[in-house]
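Take a look at the letters that make up each chain.
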Amino acid sequence: MRRFGGRKLRLLVSLGVVAVAIAAMTQASSAAPFQALQVKYAIFTDCKGAFAFGYELDIGGANAALSEFAGARPKNKKKPSAGLIGGTAGGAKLTSVGYACGDDTPATILKEIRRLMVQKDADVMIGPLSGDEAVATANWAKNNPQKTVIIGTAGSQDPTMQIAPKNLLRYHGDGAQWNAGIGEIVYKKWGWRNAAIIMDDYSFGWTSAAGIIADFCAIGGKITKRVFPPLNTTDYSAYVRQLPAPDKVDGYFWVVGGTGTDPAFKAFEQAYGRLKAKQHSGNLFLWFLTGVAVAPRLKDAYIGGFGTGPGLKTAQAAAYEKSMKKWYPDLPATDAFVYNYYNAAHALVEGLKASKGRVGAALQAALPRTLRTGYSVSNGGLVKLDSRRQAIADQYPMQITNIGGKPGVKIAGYVPAVDQTFGGTFSPSKPAPGRNFPPCVKKKLPWQGKIQVVTNGKITNQFVK
Amino acid sequence: MRKLDAKTLTERLIGVGVLVFAVLAPQIVNGYWLDTIFTQTLLLGIGAASLIFLSAYGGMISLAQTGLMGVAGYALGNMVSQRGLLGESKGLALGWDPTLSLVLAIVITTAAGLLFGAVASRSFGIYFLMLTLTFGVIANLFVGSVTKLGGFSPIAGIDRRTPGFIGDVLNDRQRLYYIALIAAVVAYVAIRYVARTPFGISLQGIRDEPVRMSSLGYTVPLHRMLAFTFAAFLAGVAGVLAAWWDGQISPSSLGLNATIELLVIAVIGGLVRIEGAWLGAFAFIVIENEVTNRIPSEGLPVVGGSFNTVVGLIFLAIVIVSPDGLMGIWERLWGLGRLREPQRPAPTASPAGSES
Amino acid sequence: MPPGPRGNRLSSSCSLKVARRLGTFARLVRERVRSWGVVGAVPRLAAVGLVVFAILYVLFISTPPDEAGGGNWRTTNFGSAVHDPDSFLRVLLDALTFAGLLFIVASGFSLIFGLMRVVNMAHGSFYLLGGYIAYEVQQEMNPEGLGYSLQPFQVNTWEWVLPLLVTVGSIALFGLGVQQLLLRWNQGQDLRQALITIAVSVIVADQVIAHFPRHVVAGSPKFGGNAVSIAWPGWTNRFVDLKLFGIEYSLARFSMLALGVFVGIALWLWLYRTKTGMVIRAGVDDRQMTSALGINIQKVFAIAFIVGAGLAGFGAVVGTSQGNIAQLQDGTWLLYSLVVVIVGGMGSLLGAVAGSLLYGLVFMFSASYLPTIGNDCCTQYSIVFTFALLALVLAFRPQGLFGRAA
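The rules behind the values
- Residues numbered from 1 in each chain as written.
- Chains lettered and ligands numbered in written order.
- Predicted model: local features only at pLDDT ≥ 70, side-chain atom pairs only at ≥ 80, totals over all residues.
- Heavy atoms only, no water.
- Buried < 20%, exposed > 50% of the residue type's maximum accessible area, 1.4 Å probe, protein only.
- Helix = DSSP H or I, 4+ residues; strand = E, 2+ residues; numbered from the N terminus.
- Pairing = 2+ DSSP bridges.
- Axes fitted to C-alpha atoms, helices over the stretch in contact; angles between N-to-C directions.
- Expected span 1.5 Å × (residues − 1).
- Salt bridge = Lys/Arg side-chain N within 4 Å of Asp/Glu carboxyl O.
- Contact = heavy atoms within 4.5 Å.

## Structural notes on the pairing of strand β1 (residues 38-46) of chain A
Residues in a regular strand project their side chains so that they alternate between the two faces of the sheet.
All names here are of chain A.
Part 1 of the reasoning: A large share of β1 lies buried, amounting to 8 of its 9 residues.
Part 2 of the reasoning: Here β1 pairs with strand β5 (residues 92-102) via 8 bridges, running parallel. Across the sheet, the residue bridging to Q38 is K93, located in β5.
Part 3 of the reasoning: Relative to strand β6 (residues 124-126), β1 is paired through 3 bridges, and the arrangement is parallel. Residue pairing across strands places A42 opposite M125, the latter belonging to β6.

## Topic: the sheet that holds strand β19 (residues 413-418) of chain A
All names here are of chain A.
Part 1 of the reasoning: Pairing is antiparallel in the open sheet, where 6 strands are placed in the order β14-β15-β16-β19-β20-β21. Each having just a single partner strand, β14 (370-372) and β21 (458-463) make up the two edges of the open sheet. Neighbour-to-neighbour, the strand axes of the sheet open up by a mean angle of 30 degrees, direction not taken into account.
Part 2 of the reasoning: As judged from the 3 bridges shared by strand β20 (residues 452-455) and β21, these two strands associate in the antiparallel manner. Residue pairing for β21: V454 is matched across the bridge by I459.

## Examining helix α10 (residues 256-269) of chain B
Residue and element names in this part refer to chain B.
Part 1 of the reasoning: The end-to-end C-alpha distance of α10 is 20 Å, a good match for the 20 Å that 14 residues give at a rise of 1.5 Å each.
Part 2 of the reasoning: Burial analysis of α10 places 12 of its 14 residues in the buried class, the great majority of the element.
Part 3 of the reasoning: Inspection of α10 places A258, T259, I260, E261, L262, L263, V264, I265, A266, V267, I268 and G269 among the buried residues, and these make up the whole buried set.

## Structural notes on the pattern of salt bridges
Where charged atoms from two side chains of opposite charge approach closely, those side chains can pair.
Residue and element names in this part refer to chain B.
Part 1 of the reasoning: All told, the structure shown has 25 salt bridges over all chains when counted by the stated rule.
Part 2 of the reasoning: Put simply, R273 and E11 hold a salt bridge, and the shortest N to O gap is 2.7 Å. A residue pair is termed long-range when its members are at least 10 positions apart, and R273 in the loop between α10 and α11 (275-294) and E11 in helix α1 (residues 6-28) qualify at 262 residues. Take R273 and E11: they sit in the same class, and that class is buried.
Part 3 of the reasoning: A salt bridge links D35 to R173, with the nearest nitrogen and oxygen atoms 3.0 Å apart. One end of the pair, D35, is in helix α2 (residues 31-58); the other, R173, is in helix α6 (residues 173-196), with 138 residues separating them in the sequence. When sorted by exposure, D35 lands in the same class as R173, which is buried.
Part 4 of the reasoning: Salt bridges sharing common partners tie together K7, E11, R192, R273, E275 and E331.

## Focus on the sheet that holds strand β7 (residues 148-150) of chain A
All names here are of chain A.
Part 1 of the reasoning: The 6 strands lie next to each other as β4-β5-β1-β6-β7-β8, forming an open sheet whose pairing is mixed. Single-partner strands in this sheet number two, and they are β4 (88-89) and β8 (168-169).
Part 2 of the reasoning: Pairing between β4 and β5: 2 bridges, direction antiparallel. From the neighbouring strand, T88 faces β5, where its bridge partner is K93.
Part 3 of the reasoning: Contacts from helix α2 (residues 54-70) reach β1, β4 and β5 within the one sheet, and its direction differs from that of β1 by about 150 degrees.
Part 4 of the reasoning: Contacting β1, β5, β6, β7 and β8, helix α4 (residues 131-143) runs over the sheet at an angle of about 155 degrees to β7.

And the structure:
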């Protein structure tokens, strides 16, 4: 054997050092030494992908609620992600272990779950933000019953209908619930009798469209054509051509979001000419997020809501908005991301008070089954959870309008207490919303004929006719 | 017995040491490290090993390995999950027997590799890289758009229905670790064995001199196709393990990000030696873990951006400084002043005849 | 030939020439088929058969859906070309106009490879950066946009052309920077350069997401890679009456095609009628010889990279006007470029044209003319046809349709 030269010796020594270092690293546990009762939570949001702008909004909403109800204080009122000082609930100290940075894909959220919920051992998750992330989270939650998940703002139906683990709660409506009432409104106010619908070919597209279809068909409308462009298509001309021409149909429902709203509308205009008013409706994407590109073209269009009531003039709404303004004056309180995360954090605080600071199954049992939220009116202003821990919430279909020279939305109607089964359309034993489900059938929905007109933010006693 | 030189001896010692450590790891490291870092290293290492096998012995850099891993995961997920039973609601949910599903998943992946290989086997060098990248992206778009197979939502519950001999990997993460360890060792041994068979030797000949081999009567496209198929088999094993580890599969598991991640792992480890696969996987996962925990929420200081920028910079640095990755550095440390077996040269020049 | 009346002799000589040409062609085909052998011929003839069937399906066989909404394997959205020539022509025009955009982006990719053997994997991220730059410039010129994407009537021609010039210029410079810094010193090492450009693409895509868009609606953060778009000039927002089956087609889409043709002609003129172009073509053919002849090959490489990157920027402006720009589109456009040049052949202008046309046709027709049996089938399988196109071309010509033989 050759004599080991200096280089080889140094090499072996450095290898040995590396080995020891690895061994040391792997020993390091990340759990803090046990002190007084402590509850670790993590806020799950997106900082990349389609909903990247939701980062500060989500954190801000949650932090504001923790400040309002758990005695915390923002470190920086202009930057929610700077964090909080203090915060106790039920005698336990609330500690944030960090923010998850998702990108709207399940794979990334699982990585973040491993980082925050396993490595950093958080007890509670407030989030996630998007539909498919929530499906992945619900599947994970089912395998990890000792952790608690309070959904942030996810519109997928599965987490609380098909999967429905006991440790997952959602205090807002899903994508279908958000669209309650819009079908009936366009049927009555614009006289639509047959319509075509174009939706993103994935679960949120189907879920959101399902709410529109169920509502529109229930009152007697007919969906004559369904078109399914793949998500994030670049050239929508092929799909827009599959829609019937404007003279062959009363109207179009648009459930195209992600990055597709603007190109889809451009393709439509290039195929059929300028958009005719009162011929286009759709879901929240026509206003929200990237759809703001489209809103200027759709003045006075009725569109599905987002579970919030911007401009609603009730005492509760005013109290909520005042609370948001107190803690983070720059954040838009009426934004659904802010609102839903606020309610989720609020629920957490109430739950901890009831469970006296304990987490796990005790917390899951103690989390409130009714919650006073800013934009609730029915049921004494309380959101109620159903047997699968899903909210039965009031919904507010919107209308695009001009606010101070810029496109904005105002509330067009008030639909009380919409549940996730959508009046019996969905159930765990029925198929999930898909290309063909729900079918277009006429039926009686609980809120049919009971949508109240909202003028200037005030809910009137008139029904939409 | 041939006298062993210092380098091989050192390598064997280190290898034994690593193996011993790996077997004892559950007693030494904590749960998070075992499950997230080590198990992931092992299974990603198998995927990277399939890539490095092709590049080191076949001269083909394939970016389709991640796609094939995803195909295996999707096949397994669609066959094994059952609608409604435990809340899974996506995909075909055939509910077949887990052992059969496991076998079929690997068979399907190998068949897909055969198909891709048949189409790509007459392309060399850069063309091959581009073609396999295209395959990977098409696989990603396929599983995303064919909503019957799951679409964009994750197919879950894969870890709840495992074959009997695999056992419960959902709750017993140590078991999954040992299964991954055994699979990794078997994969390593298999690759080393195949490289010494006549097929492997002729493959290396084709890597170096395809024109000469062709004139000697070897069917070059057939050899490359078979090599690609073997690599697809390995990727299938890795994909199945990944599906069990994650419990879920979604299109982003085969997306461009994941593809580049596997390439980065292979390059960090070194495209010339199989051991680089696991070395690169370990280095990458540890770096990712440490960096993502430390990036401030508003992005990296000064430049902004996220972990991807860090990965890109590390990748760039490695390709510029040491294209043979960490194993290349190791080789170079031993290289000066001694006779050694001619090793596969660094991928600095395409094999003769690859340009067209 | 027997003497006869003059007219007869001429016509018979013409027909004989044609017949002779046909005969030669038929003989060539027969020889080629025979060279495949039985084993080789079966899959190839099957492939040809499938292609012919697909064309016939679109043209004649398919039927429109009936009132009840049911269908069989023949039902498509529009029915056959014979039944509904209106829709067929529209889809054909969609394909051609989309091919125009594909060509602009893919030609840059092909040019860089053809000359320098560099597979510029960062081409997609050049596109991404270019799209956002164009958006920022147009928003800067049009403050009433307020961060909302503008509508065509708010934009005049200069407000579209200036973003184009700025984008092409900046991306061209950026590409030059990348080439000089990272690719100049390792020429000849194809795989290493491919890995370098992959690294660049990852970094650039991440940085773009971190810093764009900057003109946003009040209250939105200035990052995230959200989708934004720019508008065509107002005068494109009208229809052109084609006087064919009463079709009116969008002038904006025709502009896309016109720009593609313009780029094609400009490239052709540059490559075939200027001295630099001649040097580039010589470099494509034989790099070492060209260098040995004393030509400053480094300067030529730099110029080619500038043009190639600039084309990515050009394509980005057109693509962002037609649709939008958002994160993840770098991957999409890299895929499109790859498919076009794999099909058409690398380093060949004609190949880029052929590849764009073929891919555009497959893209549009598979989205529209696949069977629609109920709602669950089959347009979601359109991606399979992209793969089939690749497989078919590579089975017959591994170097692409107009690529150089291996």
